[in-house]
Amino acid sequence: MVRATWQLVRENTPIVRILAADLTSQGLLRDQYRGADVEGFFAIAIEALGTRLGMPPELARVRHQAMVVLLARFGITENSELVAILGVPLDDVDSAVEQHLIDMAKILLLPGS
């Protein structure tokens, strides 16, 4: 799941940057980016995630949001910056970020495993 999401973010970096800029300038995503359908789906998905992981939906929501922030932050960052942050060669940036995101998902979503 993390690998597929990271790939989606990388394939859609311009869109992620627009959403991040909007969020940064407004402090929230505009309704056009998060309609009632998205909110309803998100609530159902978070409840299912919480149930699957054995945690309350509120905790699953916060931890999921932490992953979204990590994905977006790394996704909007230029490769040269990622090289500096990660200390890896340019050719290894995507796999290093991917592995970091997987590790963070395990920490956030599968504590104690």
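This report concerns the structure included in the present document.

Basis of the calculations
- Residues numbered from 1 in each chain as written.
- Predicted model: local features only at pLDDT ≥ 70, side-chain atom pairs only at ≥ 80, totals over all residues.
- Heavy atoms only, no water.
- Helix = DSSP H or I, 4+ residues; strand = E, 2+ residues; numbered from the N terminus.
- Buried < 20%, exposed > 50% of the residue type's maximum accessible area, 1.4 Å probe, protein only.
- Contact = heavy atoms within 4.5 Å.
- Areas by Shrake-Rupley, 256 points an atom, 1.4 Å probe, with all protein chains shown as cover.
- Lys, Arg positive; Asp, Glu negative; His and termini not counted.
- Charge placed at Lys NZ, Arg CZ, Asp CG, Glu CD.
- Core = buried A, V, L, I, M, F, W, Y, C linked by side-chain atoms within 4.5 Å.
- Axes fitted to C-alpha atoms, helices over the stretch in contact; angles between N-to-C directions.
- Left-handed = near helix turned anticlockwise from the far one by under 90°.
- Expected span 1.5 Å × (residues − 1).
- Arc of directions from axis to C-beta.

Looking only at helices and strands, one finds six helices and zero strands in the protein chain. In the protein chain, the order of α-helices and β-strands from amino to carboxyl end is α-α-α-α-α-α. Each of the three principal axes of the protein chain carries a C-alpha extent, and together these read 40 × 40 × 20 Å. Taken across its 113 residues, the protein chain has 24% of its residues classed as buried. At a minimum sequence separation of 6, the contacts of the protein chain that also span at least 24 residues come to 58%. Surface exposure of the protein chain reaches about 7600 Å², of which carbon and sulfur atoms provide 61%. Of the charged side chains in the protein chain, 10 are positive and 14 negative, and the gap between their average positions amounts to 4 Å.

Further remarks concern the nonpolar core. The biggest cluster of nonpolar side chains holds 17 residues, and the ones touching the most others in it are W6, F74, V97 and L101. When contributions to this core are tallied by element, the ones reaching two or more residues are α1 (2-11), α4 (57-76) and α6 (93-109). The dominant element in this core, judged by the number of residues it contributes, is α6, at eight residues. Discounting residues that sit within four places of it in the chain, F74 has contacts with W6, R10, L82, V97, H100 and L101.

Another aspect to go through is the packing of helix α2 (residues 13-26) against α4. At a minimum axis distance of 9 Å, the contact between α2 and α4 shows a crossing angle of 115°. Crossing of α2 over α4 shows left-handed handedness. Contact with α2, carried on its side by T13, V16, R17 and A20, involves A72, G75 and I76 of α4 and no other residues of that element.

This next bit is on α4. An ideal rise of 1.5 Å per residue puts 28 Å on 20 residues; α4 measures up with 28 Å between its terminal C-alpha atoms. Listed as buried for α4 are A60, M67, L71, F74 and G75. The buried residues of α4 occupy an angular sector of 105° when projected down its axis, which confines them to one face. Residues of α4 that are exposed and angled more than 90 degrees away from the buried face: E58 and V62.

Interpretation in functional terms is not warranted from these geometric data alone.
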